[in-house]
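This is what each chain is made of:
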Amino acid sequence: MNAPKIKLLVDSLGRVVIPKAVRSAFDIPTPGEVELEVSGTEMTLRKSSTACAICGSVSNLNYETEGKLICSSCFEKLKEVSPHE
């Protein structure tokens, strides 16, 4: 996503809001997780890789396929709709 820099306000609790357009562009679910990396005087915010690739859940991530995590609930739903061999 090539866009101009965006200034975000930090509230009294230290929170910032990631604009909806940015969350959509990066497919960040709400609720969901992002990762904050600090290096020297710079911070990098990225989509978390520790969430279900289907629903965005961060719990019960018991399955992995093609480098993507899947929660137990989504795995069971996929089993129900997949053709049996």
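Residues numbered from 1 in each chain as written. Predicted model: local features only at pLDDT ≥ 70, side-chain atom pairs only at ≥ 80, totals over all residues. Heavy atoms only, no water.

A. Here's a closer look at the layout of surface pockets. Its boundaries defined by the atoms lining it, the largest pocket holds a volume of some 820 Å³. Lining the largest pocket are 21 residues, and of these I6, L8, V22, M43 and L45 sit closest to its centre. Residue assignment for the lining of the largest pocket shows that the elements contributing at least two residues are β1 (34-39) and β2 (42-47). For the lining of the largest pocket, the element with the most residues is β2, which contributes 5 residues. Here the lining of the largest pocket is composed, by residue class, of 16 nonpolar, 2 polar and 3 charged. For the second largest pocket, the calculated volume is near 320 Å³. For the lining of the second largest pocket, the residue count by class is 7 nonpolar, 4 polar and 4 charged. Two domains each put at least three residues into the lining of the second largest pocket: domain 1 (17-48) and domain 2 (50-84). (1 Å grid on protein atoms, 1.4 Å probe; cavity = no way out; pocket = protein on both sides within 12 Å on 5 of 7 lines; lining within 4 Å. Points joined across faces, edges and corners; volume = space filled by probe spheres on them. Helix = DSSP H or I, 4+ residues; strand = E, 2+ residues; numbered from the N terminus. Nonpolar A, V, L, I, M, F, W, Y, C, P; charged D, E, K, R; others polar. Domains from an automatic or database assignment.)

B. Here's a closer look at the domain arrangement of the chain. Here the chain is partitioned into domain 1 (17-48) and domain 2 (50-84). Once you take the C-alpha centre of each, domain 1 and domain 2 turn out to be 22 Å apart. Counting residues at the interface gives 4 residues for domain 1, matched by 4 residues for domain 2. Summed over both partners, the interface of domain 1 with domain 2 comes to about 330 Å²; 46% of that surface belongs to carbon and sulfur atoms. Looking at the side of domain 1 facing domain 2, the largest losses of area belong to P29, E33 and S48, adding up to 82% of the total buried there. (Contact = heavy atoms within 4.5 Å. Buried area = accessible area lost by both parts, 1.4 Å probe.)

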